[in-house]
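# Summary of structural features
Given next are the chains, with one letter for each unit.
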Amino acid sequence: METLIPIINRLQEVFLTVGAEIIQLPQIVVVGSQSSGKSSVLESLVGRDFLPRGSGIVTRRPLVLQLVNVPSLEERRKQDNGIKAEEWGTFLHSKNQIFTDFNEIRKEIEDETDRNTDNKGISPEPIYLKIYSPNVLSLTLVDLPGITKVPVGDQPEDIETQVQEMIVSYISNPNSLILCVSPANSDLATSDALKLAREVDPDGHRTLLVVSKLDLMDAGTDALEVLLGRVIPVRLGIIGVVNRSQHDLNTQKSLTDSCKDEQAFLQRYYPSLASRCGSRYLARTLSRLLMHHIRDCLPELKTRVTVLAAQYQSRLNSYGQPVEDHSATLLQIVTKFATDYCSTIEGTARHIQTSELCGGARICYIFHETFGRTLQSIDPLGGLTELDILTAIRNATGPRPALFVPEVSFELLVKKQIKRLEEPSMRCVELVHEELQRIIQHCSAYSTQELLRFPKLHDSIVEVVTSLLRKRLPITNEMVHNLVAIELAYINTKHPDFTDAAQVSASVNSQQAEAGDGGKRWKNEKMPSEEKGPVPGFGSPTKAVNLLDTAVPVSRKLSTREQRDCEVIQRLIKCYFLIVRKSIQDSVPKTVMHFLVNFVKENLQSELVGQLYKQRLLQELLIESQETAQQRTEVAQMLEALKKASNIISEIRETHLW
């Protein structure tokens, strides 16, 4: 099990190289109030002075400290390898530099802290320090800024919130152990470190308490009840330590002497707990707890690495490989887009929307629902009054009274009604054109990453397809316009479905005869208007009336004959209009499909190749977006890190876990 901590350290280094913390690794997070003795506890674990000291917040950036146990210098000399120093340290930000003087390590921590922080502010960017020594147990610890309440000097007003948020972000990691440091000369019930630990670890499975400064308690008091867990129980245990005093620091008392004095103090005042307290016991306990914690976290960690590796491999595959053969790549992308475009129209696309109609289904809806219903809603006699029909009949007969309904009046009126079919027909073409434009965006949204990698090629493809649609639109509009013009050009009264005028007239006469004797009066009697005098608005021949100054009435009661003539014309118009409407409803979709939709489908790929497959454009079109290139690099690096991590974890045999 001793190999587990070095393996976690190696995993941490692997993920640090890619600048990401996607894996929450087991580590010990040291939490305590300002001046609670955290620095002294850490230095006692290392056995050397290396942390900055002073008033206020000294630790202003997280310090990730990896302690690595190495053979002694003599043993390494026998093997003729390694660094010619008993103890040394290295920083991640200056990997090639080796520090054998721990005063220089302290200065480098201070300098690196100042590089990323302003005045007395804090930064969440961690400093990574690795210390190699034969006198340490392998551990991974994170030293965080001390909890403070009041900003001092140039510190920001929200310094308390910033520190607490930073601490919570580290101790919230379920794979971390929480080492709370609380001084013995303060009430444990008011410990901020324990309060934060309880918030993220209410059951206490990950929390260990260190009671520091046992030698500074008031005379006549001791911490026995606290150390026995009778005040506040802590599941992983409570360990008491004696820190070096300010006098010891000023006189540069060695940590070796301090450890001896600590043991003597514990034997004198806490003889029953002396074997379970002190810096050396703390180091052994932390190492044991961390190894067991790593053992518990390892299965989940291995699964997490495997899953992430598969996800990043899939992402890397989606970005594709750097372009080598520009011609083949362009042809492949163009062919893929053209195929997707046609498949969307045919309804065989891989990505079928479920939220709305799209592509060929929407075109079908336009033809049979939108366009069809619009035509069905047009009234064959809409906009025609009986007076309009009567006026057309009279205008068609000239100065002579008509014995029969003139055919010219029917043609004039039915053409006027047929003309009303042109506007919805043109609107149908416009709707289909808009849908073909929408298919471009649909194919772009669901296209392969190959196309999205090259924004200029994507824009060029969209431009070519849009241009092709724009060229076909006026041609299709003209053909649809001609369909209506063809119907207007020749009114075929001999159409098989058209009712004969004589039959219509006979039908109207028979209906009027059944309703009364109106038909007989039409033949033998004078009209009611003739008995009552001249029709209003047409003047009287016995009076000098200026006909041009007399307004024709908007409406009046029609005579029986006029009613018969109007009804005959109305029936003929309705019958013929329905024939033409049925023809238009059938021929417009066919025209749109032939001249617009099918033409685009058949010529899209050749148009794209003809416009884009040019040697002078290949390099320019296949310039990869900077964002895609950067993402591919980042994903490739992360995938490489995950593969290394998987190899490192696979080195652990089952026998190492027990």
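Read on for an overview of the structure. (Residues numbered from 1 in each chain as written. Predicted model: local features only at pLDDT ≥ 70, side-chain atom pairs only at ≥ 80, totals over all residues. Heavy atoms only, no water.)

With that out of the way, let us pick up the layout of surface pockets. Its boundaries defined by the atoms lining it, the second largest pocket holds a volume of some 730 Å³. Mapped onto the lining of the second largest pocket, the elements with two or more residues apiece are helix H2 (38-46), helix H4 (102-116), helix H8 (246-250), helix H9 (255-269) and helix H10 (279-319). It is H2 that contributes the most residues to the lining of the second largest pocket, four residues altogether. Per-class residue counts for the lining of the second largest pocket are eleven nonpolar, eleven polar and ten charged. (1 Å grid on protein atoms, 1.4 Å probe; cavity = no way out; pocket = protein on both sides within 12 Å on 5 of 7 lines; lining within 4 Å. Points joined across faces, edges and corners; volume = space filled by probe spheres on them. Helix = DSSP H or I, 4+ residues; strand = E, 2+ residues; numbered from the N terminus. Nonpolar A, V, L, I, M, F, W, Y, C, P; charged D, E, K, R; others polar.)

It is worth spelling out the packing of aromatic side chains at this point. Scanning the entire structure with this criterion turns up eight aromatic pairs. Both rings, one in Phe-91 and one in Phe-99, keep their centres 5.3 Å apart while their planes meet at 90 degrees; by these two values the pair is edge-to-face. For Phe-91, a relative accessible area of 2% corresponds to the buried category. You can call Phe-99 buried: its relative accessible area is 3%. (Phe/Tyr/Trp six-rings, centres within 6.5 Å; stacked < 30°, edge-to-face > 60°. Buried < 20%, exposed > 50% of the residue type's maximum accessible area, 1.4 Å probe, protein only.)

Before going further, it helps to spend a moment on the environment of Pro-145. Considering the arrangement of structural elements, one finds Pro-145 in the loop between strand E6 (139-143) and helix H5 (159-171). With 107 residues separating them in the primary sequence, Pro-145 and Lys-38 have C-alpha atoms 9.5 Å apart.

Of all eight residues that make up strand E7 (residues 176-183), eight are buried, and the element is covered over most of its length. Alternating residues of E7 divide into Ser-176, Ile-178, Cys-180 and Ser-182 and Leu-177, Leu-179, Val-181 and Pro-183, and every residue in both groups is buried. Judged from the six bridges that link them, strand E1 (residues 27-32) and E7 form a sheet pairing that is parallel. When the bridges of E7 are listed, Val-31 appears paired with Cys-180. As defined by bridge partners, E7 adjoins strand E8 (residues 207-212) across six bridges and the pair is classed as parallel. (Pairing = 2+ DSSP bridges.)

Attention now moves to empty space enclosed by the protein. Across all of its chains, the model carries two cavities of 30 Å³ or more by this definition. Lining the largest cavity, in full, are Ser-40, Val-41, Ser-44, Val-241, Val-242, Asn-243, Arg-244, Leu-255, Ser-258, Cys-259, Glu-262 and Ser-279. Looking at the lining of the largest cavity, the elements that each hand over two or more residues are H2 and H9. Ranked by the residues each element gives to the lining of the largest cavity, the list is headed by H9, at four residues. In the lining of the largest cavity, the residues fall into five nonpolar, five polar and two charged.

With that settled, consider the pairing of strand E2 (residues 63-69). Across the seven residues that make up E2, a large majority, six, are buried. Sheet topology places E2 next to strand E5 (residues 127-133); seven bridges connect them, and they run parallel. Within E5, the position partnered with Leu-65 by the bridge is Leu-129. By the bridge criterion, five bridges tie E2 to E6 in an arrangement that is antiparallel. Paired with Leu-65 across the bridge in E6 is Leu-141.

In this structure, Tyr-341, Leu-436 and Leu-608 are the most contacted members of the largest nonpolar core, which totals 69 residues. Of all the elements in the fold, those that place two or more residues in this core are helix H11 (326-346), helix H12 (360-376), helix H13 (386-397), helix H14 (407-418), helix H15 (422-445), helix H17 (455-489), helix H21 (560-612) and helix H22 (615-621). In this view, Tyr-341 contacts Leu-436, Ile-439, Ile-440, Cys-443, Val-465, Leu-469, Val-600 and Leu-604; residues no more than four positions away in its chain are not counted. Residues Val-41, Leu-301, Ala-641 and Ala-645 belong to the second largest nonpolar core, which totals 62 residues. (Core = buried A, V, L, I, M, F, W, Y, C linked by side-chain atoms within 4.5 Å. Contact = heavy atoms within 4.5 Å.)

To continue, consider the environment of His-205. Here His-205 shows up in the loop between helix H6 (192-200) and E8. The spacing of His-205 and Val-234 is 29 residues in sequence and 8.8 Å in space, taken between C-alpha atoms.

Moving on: H14. Helix length check: H14, at twelve residues, gives a terminal C-alpha distance of 16 Å against a target of 16 Å (1.5 Å per residue), a fit within 8%. For H14, the set of buried residues is Ser-409, Phe-410, Leu-413, Val-414, Gln-417 and Ile-418. Burial along H14 is one-sided: seen end-on, the buried residues are contained in an arc of 160 degrees. Seen from the buried face of H14, the exposed residues on the opposite side, beyond 90 degrees, are Val-408 and Leu-412. (Expected span 1.5 Å × (residues − 1). Arc of directions from axis to C-beta.)

This part covers the sheet that holds strand E4 (residues 94-99). Overall, mixed pairing links the nine strands, which are arranged E4-E3-E5-E2-E6-E1-E7-E8-E9 in an open sheet. Only two strands of the sheet have a single neighbouring strand rather than two, namely E4 and strand E9 (238-240). On average, each strand axis in the sheet is inclined to that of its neighbour by 25 degrees, with strand direction left out of account. One ladder, built from three bridges, connects strand E3 (residues 88-91) with E4; its direction is antiparallel. Within E4, the residue paired with Phe-91 across the bridge is Ser-94. H4 rests against E2, E3, E4 and E5 of the sheet, and its axis sits at about 170 degrees to E5. (Axes fitted to C-alpha atoms, helices over the stretch in contact; angles between N-to-C directions.)

Read these as geometric descriptors, not functional statements.
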